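Listed below are the residues making up each chain.
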Amino acid sequence: NTTTYEGIQAAVQLQSSSSSNRPYTQSEVLLRIPLEAQITRKTALETLLSLLPPEQNGRSTHLEELDDAFVLALYLAHERGLGINSRVWPYIATLPLRPTCALHWGWRQSVVDIVTAMSVEMGTDVQGWPN
């Protein structure tokens, strides 16, 4: 059973004790992650939709229409907010404190500078981009 912390630790220990010094092949299975332990679009949507107030039940939320990456980012933001109470906290704890993506508020000025440079120096049409 690898769905519990103890089960995962036992699987890792077994792998460590049975491995040799030879390199792994590309087709070799190193670790099996049970579907119920994986973060998927389906589990993210189930969690996010369950957070909506009861009066929203049955009404379209448009969450289902969002891109996979956005749904998963929203889910991870929610889980990070739960802290150690998150079911995926061990994974969340490995993520950088300051995301290295342009959507993070801390990068706003850099994004503005790049968009301005694209407009001024390269003649790119940036109408409607962040400014």
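Heads up: the structure comes first, above all this text.
The paragraphs below set out a description of the structure included in this document.

The rules behind each value
Residues numbered from 1 in each chain as written. Predicted model: local features only at pLDDT ≥ 70, side-chain atom pairs only at ≥ 80, totals over all residues. Heavy atoms only, no water. Salt bridge = Lys/Arg side-chain N within 4 Å of Asp/Glu carboxyl O. Helix = DSSP H or I, 4+ residues; strand = E, 2+ residues; numbered from the N terminus. Buried < 20%, exposed > 50% of the residue type's maximum accessible area, 1.4 Å probe, protein only. Contact = heavy atoms within 4.5 Å. Expected span 1.5 Å × (residues − 1). Arc of directions from axis to C-beta. Polar contact = N/O pair within 3.5 Å; in protein donor to acceptor, adjacent residues only side chain to side chain.

1. Observations concerning the pattern of salt bridges
For the coordinates displayed, the defined rule picks out two salt bridges. Of the charged contacts in the structure, one is a salt bridge between Arg41 and Asp68, with a shortest N-O distance of 2.8 Å. Here Arg41 is found in helix 2 (residues 41-50), whereas its partner Asp68 is found in helix 3 (residues 68-82), with 27 residues between them in sequence. For Arg41, a relative accessible area of 22% puts it in the partly exposed group. Using a relative accessible area of 42% as the deciding quantity, one classes Asp68 as partly exposed. Measuring nitrogen to oxygen at the nearest pair gives 3.9 Å for the salt bridge that ties Lys42 to Glu46. Of this pair, Lys42 and Glu46 both sit in helix 2, four residues apart, which is roughly one turn of that helix. The exposure class assigned to Lys42 is exposed, which follows from its relative accessible area of 59%.

2. Regarding helix 2
Listed as buried for helix 2 are Thr43, Ala44, Leu45 and Leu48. Those residues of helix 2 that are buried lie in contact with helix 3.

3. A look at helix 3
Here helix 3 spans 21 Å end to end across 15 residues, near enough to the 21 Å set by a 1.5 Å rise per residue. Here helix 3 has its buried residues at Val71, Tyr75 and Glu79. Buried residues of helix 3, viewed axially, fall in a sector of 70°; they line one side. Residues of helix 3 that are exposed and point more than 90 degrees away from the buried face comprise Ala69 and Gly81. Looking at the buried side of helix 3, the elements it contacts are helix 2 and helix 4 (89-92). Of the residues flanking the start of helix 3, the one acting as N-cap is Asp67, its side-chain oxygen 3.0 Å from the backbone nitrogen of Ala69.

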